[in-house]
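Report on the structure
As a plain string of letters, each chain reads:
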Amino acid sequence: MDITFESYPKDDVECDREAYKKALDNLKPGDLVIIFTPDNLHYDMIKDSVTKGMHVLVTKPAVQLLKHHLELIHLAKTKNVLVTTEVHKRWDPIYADAWQKIRTYGDFSYMYSYMSQPKKQLITFKQWAGKSSDISYYLNSHHIDFHVWAMSNKAKPIRVIANGSTGIATSPAYDIKTEDTITLMVSWVNSSGNLGTAVYTASWTAPTSDVHSQQRFFYMGQTGEINVDQAHRGYSIATDESGYASINPLFMKYSPDANGYFSGQSGYGYQSIEVFVNASSKLRSMPFLSAFEYDNSLATLNTTAKVTAILEAGRISLDNGGKAVKILYEEDGHMPSSLKIE
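Heads up: these notes are all about the structure in this document. (Residues numbered from 1 in each chain as written. Predicted model: local features only at pLDDT ≥ 70, side-chain atom pairs only at ≥ 80, totals over all residues. Heavy atoms only, no water.)

On to the overall build of the chain, then. The number of helices and strands found in the chain is 8 helices and 13 strands. Summarising its shape, the C-alpha atoms of the chain cover approximately 60 × 55 × 40 Å along the three principal directions. Burial analysis of the chain (342 residues in total) assigns 50% to the buried set. When the accessible surface of the chain is split by element, carbon and sulfur atoms take 53% of a total near 17,100 Å². (Helix = DSSP H or I, 4+ residues; strand = E, 2+ residues; numbered from the N terminus. Buried < 20%, exposed > 50% of the residue type's maximum accessible area, 1.4 Å probe, protein only. Areas by Shrake-Rupley, 256 points an atom, 1.4 Å probe, with all protein chains shown as cover.)

Looking now at the pattern of salt bridges. In total, this model carries 14 salt bridges according to the counting rule given. Across the pair lysine 10 and glutamate 6 runs a salt bridge, and its minimum N-O distance is 3.7 Å. Taking relative accessible area as the criterion, lysine 10 reaches 49% and is therefore assigned partly exposed. Here aspartate 16 and lysine 22 are joined by a salt bridge, their closest N and O atoms 3.9 Å apart. Taken together, the shared-partner salt bridges in this structure form one network comprising Asp134, Glu179, Arg315 and Asp319. (Salt bridge = Lys/Arg side-chain N within 4 Å of Asp/Glu carboxyl O.)

By size, the foremost hydrophobic cluster in this structure holds 71 residues, and its most contacted members are Ile46, Trp188, Phe217 and Ile310. The element best represented in this core is helix α6 (residues 135-150), accounting for 9 residues. Judged by nonpolar contacts, the second largest core, of 9 residues, contains Phe276, Ala291, Tyr294 and Leu298. (Core = buried A, V, L, I, M, F, W, Y, C linked by side-chain atoms within 4.5 Å.)

It is worth spelling out the environment of aspartate 229 at this point. Examined against the element boundaries, aspartate 229 turns out to sit in strand β9 (residues 225-229). Counting along the chain gives 134 residues from aspartate 229 to tyrosine 95, while the straight-line C-alpha distance between them is 10.0 Å. Once residues within four sequence positions are removed from consideration, aspartate 229 is found in contact with Gln215 and Arg216. In this structure the side chain of aspartate 229 is engaged in a polar contact, spanning 3.1 Å, whose partner is the backbone nitrogen of alanine 231. A distance of 2.9 Å separates a polar atom in the side chain of aspartate 229 from a polar atom in the side chain of histidine 232. (Contact = heavy atoms within 4.5 Å. Polar contact = N/O pair within 3.5 Å; in protein donor to acceptor, adjacent residues only side chain to side chain.)

Judged by pairing direction, the sheet is mixed, and its 8 strands sit side by side in the order β9-β8-β4-β7-β6-β5-β12-β13 without closing on themselves. Across the chains shown, the open sheet's two edge strands, defined by having one partner strand only, are β9 and β13 (336-341). Ignoring strand direction, the axes of neighbouring strands in this sheet form an average angle of 15 degrees. Bridge count between strand β8 (residues 215-221) and β9: 5 bridges; the pairing is antiparallel. Across the sheet, the residue bridging to tyrosine 219 is isoleucine 226, located in β9. Lying over the sheet, helix α8 (residues 305-319) contacts β5 (155-165), β6 (181-190), β12 (325-329) and β13, oriented at roughly 35 degrees with respect to β5. (Pairing = 2+ DSSP bridges. Axes fitted to C-alpha atoms, helices over the stretch in contact; angles between N-to-C directions.)

As a further point, take the packing of aromatic side chains. Between two aromatic rings, the relevant description is the distance of the centres plus the angle of the planes. All chains considered together, the criterion is met by 15 aromatic pairs. Centre to centre, the rings of tyrosine 95 and phenylalanine 217 are 5.3 Å apart; their planes meet at 65 degrees, and the pair counts as edge-to-face. Pair noted here: tyrosine 95 is in helix α4 (residues 93-102) and phenylalanine 217 is in strand β8, with a separation of 122 residues, a long-range link. No difference in accessibility class separates tyrosine 95 from phenylalanine 217, as the two residues are buried. Taking 5.0 Å as the distance between ring centres and 70 degrees as the angle between the ring planes, the aromatic pair formed by phenylalanine 125 and tyrosine 138 counts as edge-to-face. Here phenylalanine 125, found in the loop between α5 (121-124) and α6, pairs with tyrosine 138, found in helix α6; they are 13 residues apart in sequence, far enough to count as distant. One aromatic cluster is present, formed by Tyr95, Trp99, Phe146, Trp149 and Phe217 through successive ring pairs. Between lysine 89 and the ring centre of tyrosine 95, over which it is positioned, the NZ or CZ distance is 5.3 Å. (Phe/Tyr/Trp six-rings, centres within 6.5 Å; stacked < 30°, edge-to-face > 60°. Lys NZ or Arg CZ within 6 Å of the ring centre and 35° of its normal.)

Structure follows, in C-alpha coordinates:
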(Lines give C-alpha, C1' and ligand atoms only; values in the text may rest on other atoms or scores of the structure.)
Protein backbone atom coordinates (compact mmCIF):
# COMPACT_ATOMS: atom_id res chain seq x y z
CA MET A 1 0.00 0.00 0.00
CA ASP A 2 1.30 3.41 -0.95
CA ILE A 3 1.69 5.49 2.22
CA THR A 4 3.38 8.56 0.72
CA PHE A 5 2.01 11.83 2.08
CA GLU A 6 2.13 15.39 0.78
CA SER A 7 1.39 18.07 3.37
CA TYR A 8 -0.48 21.35 2.85
CA PRO A 9 1.03 23.63 4.01
CA LYS A 10 4.60 22.42 3.82
CA ASP A 11 6.20 21.25 7.03
CA ASP A 12 8.23 24.46 7.39
CA VAL A 13 5.10 26.67 7.29
CA GLU A 14 3.72 27.34 10.77
CA CYS A 15 0.17 28.22 9.70
CA ASP A 16 -1.74 28.73 6.46
CA ARG A 17 -5.52 28.54 6.78
CA GLU A 18 -5.95 28.56 3.02
CA ALA A 19 -3.61 25.62 2.42
CA TYR A 20 -6.50 23.14 2.21
CA LYS A 21 -7.65 24.86 -0.98
CA LYS A 22 -4.37 23.94 -2.66
CA ALA A 23 -4.90 20.35 -1.53
CA LEU A 24 -8.41 20.34 -3.02
CA ASP A 25 -6.99 21.58 -6.34
CA ASN A 26 -5.00 18.34 -6.54
CA LEU A 27 -8.07 16.14 -6.06
CA LYS A 28 -10.81 15.22 -8.49
CA PRO A 29 -14.60 14.85 -8.14
CA GLY A 30 -15.49 11.73 -6.18
CA ASP A 31 -12.35 11.82 -4.06
CA LEU A 32 -12.60 11.66 -0.27
CA VAL A 33 -11.95 14.53 2.14
CA ILE A 34 -11.64 14.01 5.90
CA ILE A 35 -11.81 17.16 8.05
CA PHE A 36 -10.45 17.22 11.60
CA THR A 37 -9.94 20.91 12.42
CA PRO A 38 -11.28 23.42 14.96
CA ASP A 39 -15.06 23.74 14.69
CA ASN A 40 -15.18 27.22 13.14
CA LEU A 41 -13.27 26.02 10.06
CA HIS A 42 -15.65 23.18 9.17
CA TYR A 43 -18.22 25.16 7.18
CA ASP A 44 -15.84 26.69 4.63
CA MET A 45 -13.90 23.44 4.21
CA ILE A 46 -17.04 21.37 3.69
CA LYS A 47 -18.51 23.92 1.29
CA ASP A 48 -15.36 24.14 -0.82
CA SER A 49 -14.98 20.35 -0.89
CA VAL A 50 -18.61 19.69 -1.84
CA THR A 51 -18.53 22.39 -4.51
CA LYS A 52 -15.69 20.46 -6.13
CA GLY A 53 -17.69 17.21 -5.92
CA MET A 54 -15.84 15.56 -3.02
CA HIS A 55 -17.30 13.18 -0.45
CA VAL A 56 -16.68 14.54 3.06
CA LEU A 57 -16.25 13.10 6.54
CA VAL A 58 -16.05 15.84 9.19
CA THR A 59 -15.43 15.52 12.90
CA LYS A 60 -18.27 16.52 15.17
CA PRO A 61 -19.91 18.99 15.23
CA ALA A 62 -20.50 19.22 11.48
CA VAL A 63 -20.95 22.99 11.67
CA GLN A 64 -21.84 25.52 14.35
CA LEU A 65 -24.79 27.31 12.75
CA LEU A 66 -28.10 25.82 11.64
CA LYS A 67 -28.26 28.08 8.58
CA HIS A 68 -24.90 26.70 7.42
CA HIS A 69 -26.08 23.13 8.02
CA LEU A 70 -29.21 23.66 5.91
CA GLU A 71 -27.20 25.33 3.15
CA LEU A 72 -24.80 22.40 3.00
CA ILE A 73 -27.65 19.87 2.86
CA HIS A 74 -28.91 21.57 -0.31
CA LEU A 75 -25.42 21.82 -1.84
CA ALA A 76 -24.62 18.16 -1.12
CA LYS A 77 -27.91 17.11 -2.69
CA THR A 78 -27.18 19.18 -5.78
CA LYS A 79 -23.76 17.56 -6.16
CA ASN A 80 -24.96 14.09 -5.02
CA VAL A 81 -22.04 13.70 -2.64
CA LEU A 82 -21.91 12.13 0.80
CA VAL A 83 -21.27 14.45 3.74
CA THR A 84 -21.31 12.74 7.11
CA THR A 85 -20.13 13.46 10.64
CA GLU A 86 -17.53 11.31 12.40
CA VAL A 87 -19.39 10.38 15.59
CA HIS A 88 -17.71 7.14 16.55
CA LYS A 89 -20.04 6.38 19.45
CA ARG A 90 -22.54 5.13 16.89
CA TRP A 91 -20.15 2.24 16.30
CA ASP A 92 -19.45 1.48 19.96
CA PRO A 93 -21.12 -1.95 20.42
CA ILE A 94 -22.62 -0.88 23.77
CA TYR A 95 -24.08 2.34 22.37
CA ALA A 96 -25.31 0.54 19.25
CA ASP A 97 -27.09 -2.04 21.39
CA ALA A 98 -28.52 0.69 23.64
CA TRP A 99 -29.81 2.50 20.53
CA GLN A 100 -31.73 -0.60 19.46
CA LYS A 101 -33.27 -1.08 22.91
CA ILE A 102 -34.17 2.61 23.30
CA ARG A 103 -36.17 2.38 20.10
CA THR A 104 -38.44 -0.20 21.80
CA TYR A 105 -38.97 1.66 25.10
CA GLY A 106 -41.95 3.75 24.01
CA ASP A 107 -42.08 7.52 24.30
CA PHE A 108 -39.01 9.39 25.51
CA SER A 109 -39.24 10.64 29.10
CA TYR A 110 -35.78 11.64 30.39
CA MET A 111 -32.10 11.51 29.49
CA TYR A 112 -29.00 12.70 31.31
CA SER A 113 -25.50 12.59 29.80
CA TYR A 114 -22.08 13.64 31.06
CA MET A 115 -18.76 13.82 29.25
CA SER A 116 -15.53 15.41 30.43
CA GLN A 117 -11.84 15.80 29.76
CA PRO A 118 -9.05 16.87 32.15
CA LYS A 119 -8.23 20.53 32.54
CA LYS A 120 -4.85 20.04 30.82
CA GLN A 121 -6.91 20.03 27.60
CA LEU A 122 -7.34 23.77 28.04
CA ILE A 123 -3.63 24.09 27.25
CA THR A 124 -3.91 21.73 24.28
CA PHE A 125 -6.87 23.69 22.87
CA LYS A 126 -5.72 27.15 23.94
CA GLN A 127 -5.53 28.43 20.35
CA TRP A 128 -9.28 28.04 19.82
CA ALA A 129 -10.99 27.29 23.16
CA GLY A 130 -13.42 30.10 23.91
CA LYS A 131 -12.41 31.97 20.78
CA SER A 132 -14.12 29.97 18.08
CA SER A 133 -15.94 27.19 19.93
CA ASP A 134 -16.81 25.83 23.36
CA ILE A 135 -16.93 22.58 25.31
CA SER A 136 -20.59 21.94 24.45
CA TYR A 137 -19.87 21.93 20.72
CA TYR A 138 -16.81 19.78 21.33
CA LEU A 139 -18.15 17.14 23.74
CA ASN A 140 -21.94 17.47 24.21
CA SER A 141 -22.19 16.86 20.47
CA HIS A 142 -21.45 13.16 21.07
CA HIS A 143 -24.46 12.39 23.26
CA ILE A 144 -26.73 14.86 21.52
CA ASP A 145 -26.06 13.05 18.25
CA PHE A 146 -26.73 9.71 19.91
CA HIS A 147 -30.03 10.97 21.33
CA VAL A 148 -31.16 12.55 18.04
CA TRP A 149 -30.26 9.30 16.26
CA ALA A 150 -32.25 7.22 18.78
CA MET A 151 -35.27 9.55 18.47
CA SER A 152 -35.43 9.46 14.66
CA ASN A 153 -39.11 9.61 13.62
CA LYS A 154 -40.10 9.35 17.31
CA ALA A 155 -39.43 12.73 18.94
CA LYS A 156 -37.84 16.13 18.27
CA PRO A 157 -36.20 18.88 20.38
CA ILE A 158 -38.22 22.10 20.70
CA ARG A 159 -36.62 24.28 23.39
CA VAL A 160 -33.13 24.79 24.84
CA ILE A 161 -31.88 26.50 28.01
CA ALA A 162 -28.14 26.60 28.73
CA ASN A 163 -26.07 27.28 31.83
CA GLY A 164 -22.33 27.48 32.29
CA SER A 165 -19.87 27.11 35.17
CA THR A 166 -16.80 29.36 35.23
CA GLY A 167 -13.64 30.06 37.19
CA ILE A 168 -10.97 27.60 36.11
CA ALA A 169 -10.47 28.46 32.42
CA THR A 170 -10.47 32.18 33.24
CA SER A 171 -7.93 31.81 36.06
CA PRO A 172 -4.33 33.05 35.58
CA ALA A 173 -3.17 29.46 35.02
CA TYR A 174 -5.08 29.31 31.71
CA ASP A 175 -6.41 32.82 30.97
CA ILE A 176 -9.06 31.59 28.54
CA LYS A 177 -12.40 33.38 28.33
CA THR A 178 -14.70 30.38 28.19
CA GLU A 179 -16.99 28.25 30.32
CA ASP A 180 -15.51 25.37 32.33
CA THR A 181 -18.66 23.28 32.10
CA ILE A 182 -21.79 23.70 29.99
CA THR A 183 -25.18 22.13 30.64
CA LEU A 184 -28.01 22.16 28.12
CA MET A 185 -31.56 21.42 29.27
CA VAL A 186 -33.60 20.47 26.23
CA SER A 187 -37.36 19.99 25.96
CA TRP A 188 -38.47 17.29 23.54
CA VAL A 189 -41.89 16.42 22.17
CA ASN A 190 -42.78 12.87 21.15
CA SER A 191 -44.85 12.23 18.04
CA SER A 192 -47.67 11.33 20.46
CA GLY A 193 -47.53 14.83 21.93
CA ASN A 194 -46.01 13.65 25.23
CA LEU A 195 -43.07 15.70 26.51
CA GLY A 196 -39.58 14.60 27.52
CA THR A 197 -36.55 16.31 29.05
CA ALA A 198 -32.86 15.87 28.30
CA VAL A 199 -29.89 17.27 30.23
CA TYR A 200 -26.51 17.20 28.45
CA THR A 201 -23.39 18.26 30.39
CA ALA A 202 -19.81 18.62 29.13
CA SER A 203 -16.66 19.85 30.87
CA TRP A 204 -12.99 20.32 30.09
CA THR A 205 -11.90 21.15 33.64
CA ALA A 206 -12.12 17.72 35.27
CA PRO A 207 -9.25 16.50 37.46
CA THR A 208 -6.87 13.84 36.18
CA SER A 209 -8.39 10.40 36.85
CA ASP A 210 -8.24 6.80 35.70
CA VAL A 211 -9.61 7.75 32.26
CA HIS A 212 -8.95 10.58 29.85
CA SER A 213 -12.65 11.17 29.36
CA GLN A 214 -15.57 10.39 31.65
CA GLN A 215 -18.48 9.33 29.44
CA ARG A 216 -21.87 8.12 30.61
CA PHE A 217 -25.60 8.52 30.15
CA PHE A 218 -28.91 7.47 31.63
CA TYR A 219 -31.99 7.10 29.43
CA MET A 220 -35.57 6.48 30.50
CA GLY A 221 -38.42 5.72 28.15
CA GLN A 222 -41.98 5.02 29.20
CA THR A 223 -41.38 1.25 29.26
CA GLY A 224 -37.67 0.86 30.03
CA GLU A 225 -34.42 2.53 31.08
CA ILE A 226 -30.70 2.20 30.33
CA ASN A 227 -27.48 3.13 32.16
CA VAL A 228 -24.22 3.23 30.19
CA ASP A 229 -20.76 4.02 31.60
CA GLN A 230 -18.58 4.14 28.51
CA ALA A 231 -15.44 5.01 30.47
CA HIS A 232 -15.38 1.85 32.58
CA ARG A 233 -15.64 -1.48 30.80
CA GLY A 234 -14.43 -3.68 33.66
CA TYR A 235 -10.90 -3.59 32.23
CA SER A 236 -8.15 -1.84 34.21
CA ILE A 237 -4.37 -1.89 34.36
CA ALA A 238 -1.70 -0.58 36.70
CA THR A 239 2.00 0.04 36.02
CA ASP A 240 4.90 1.55 37.95
CA GLU A 241 5.28 4.14 35.21
CA SER A 242 1.69 5.24 34.66
CA GLY A 243 -0.21 4.10 37.72
CA TYR A 244 -3.84 2.91 37.62
CA ALA A 245 -5.99 3.31 34.51
CA SER A 246 -9.26 2.09 33.06
CA ILE A 247 -8.67 1.35 29.39
CA ASN A 248 -10.91 0.88 26.39
CA PRO A 249 -9.38 -1.12 23.50
CA LEU A 250 -12.86 -1.31 21.96
CA PHE A 251 -12.29 2.24 20.67
CA MET A 252 -8.86 1.65 19.18
CA LYS A 253 -6.43 -1.19 19.75
CA TYR A 254 -2.91 0.22 19.54
CA SER A 255 -1.00 -2.96 20.34
CA PRO A 256 0.02 -5.01 17.25
CA ASP A 257 -1.03 -8.55 16.40
CA ALA A 258 1.17 -11.63 16.84
CA ASN A 259 3.07 -10.77 13.65
CA GLY A 260 3.69 -7.17 14.62
CA TYR A 261 1.05 -5.64 12.33
CA PHE A 262 -1.71 -3.15 13.06
CA SER A 263 -4.73 -4.91 14.54
CA GLY A 264 -7.16 -2.14 15.38
CA GLN A 265 -9.62 -2.79 12.55
CA SER A 266 -12.31 -3.95 14.95
CA GLY A 267 -12.22 -0.75 17.03
CA TYR A 268 -15.20 1.56 16.69
CA GLY A 269 -12.84 4.50 16.20
CA TYR A 270 -11.52 2.73 13.10
CA GLN A 271 -14.93 1.53 11.91
CA SER A 272 -16.45 5.02 11.94
CA ILE A 273 -13.93 6.03 9.26
CA GLU A 274 -14.01 2.73 7.40
CA VAL A 275 -17.78 2.89 6.80
CA PHE A 276 -17.39 6.35 5.25
CA VAL A 277 -14.64 5.14 2.93
CA ASN A 278 -16.71 2.12 1.88
CA ALA A 279 -19.85 4.19 1.27
CA SER A 280 -17.98 6.83 -0.71
CA SER A 281 -16.22 4.19 -2.78
CA LYS A 282 -19.57 2.62 -3.63
CA LEU A 283 -20.94 6.00 -4.73
CA ARG A 284 -17.87 6.51 -6.91
CA SER A 285 -18.33 3.16 -8.62
CA MET A 286 -22.12 3.50 -8.92
CA PRO A 287 -22.77 7.19 -9.74
CA PHE A 288 -26.47 6.55 -10.34
CA LEU A 289 -26.95 5.94 -6.60
CA SER A 290 -28.19 8.77 -4.40
CA ALA A 291 -25.96 9.78 -1.50
CA PHE A 292 -29.15 10.23 0.53
CA GLU A 293 -29.54 6.44 0.58
CA TYR A 294 -27.11 6.51 3.52
CA ASP A 295 -29.43 8.61 5.69
CA ASN A 296 -30.56 5.49 7.55
CA SER A 297 -27.08 4.20 8.35
CA LEU A 298 -24.71 7.18 8.67
CA ALA A 299 -24.71 10.55 10.45
CA THR A 300 -25.41 12.47 7.23
CA LEU A 301 -26.12 16.18 7.09
CA ASN A 302 -29.72 15.40 6.25
CA THR A 303 -30.24 13.52 9.53
CA THR A 304 -28.20 15.61 11.96
CA ALA A 305 -29.64 19.12 11.56
CA LYS A 306 -31.33 18.75 14.97
CA VAL A 307 -27.89 18.24 16.53
CA THR A 308 -26.67 21.55 15.12
CA ALA A 309 -29.93 23.25 16.16
CA ILE A 310 -29.52 22.13 19.79
CA LEU A 311 -25.84 23.12 19.95
CA GLU A 312 -26.37 26.55 18.40
CA ALA A 313 -29.43 27.17 20.56
CA GLY A 314 -27.29 26.37 23.58
CA ARG A 315 -24.68 28.91 22.57
CA ILE A 316 -27.36 31.54 21.94
CA SER A 317 -28.88 30.84 25.36
CA LEU A 318 -25.48 31.20 27.08
CA ASP A 319 -24.80 34.47 25.27
CA ASN A 320 -28.20 35.81 26.36
CA GLY A 321 -28.13 35.12 30.07
CA GLY A 322 -29.72 31.69 29.94
CA LYS A 323 -32.82 32.69 28.02
CA ALA A 324 -34.83 29.89 26.43
CA VAL A 325 -34.36 29.34 22.70
CA LYS A 326 -37.10 27.70 20.61
CA ILE A 327 -36.32 25.39 17.72
CA LEU A 328 -38.70 26.07 14.85
CA TYR A 329 -39.45 23.56 12.11
CA GLU A 330 -40.39 23.49 8.45
CA GLU A 331 -43.94 22.59 7.47
CA ASP A 332 -43.15 18.88 7.45
CA GLY A 333 -42.36 19.16 11.16
CA HIS A 334 -39.12 17.16 10.83
CA MET A 335 -36.41 19.52 9.58
CA PRO A 336 -35.47 22.43 11.87
CA SER A 337 -35.65 25.76 10.05
CA SER A 338 -34.59 28.46 12.52
CA LEU A 339 -34.04 29.41 16.16
CA LYS A 340 -35.87 32.04 18.21
CA ILE A 341 -35.17 33.51 21.64
CA GLU A 342 -38.28 33.42 23.79
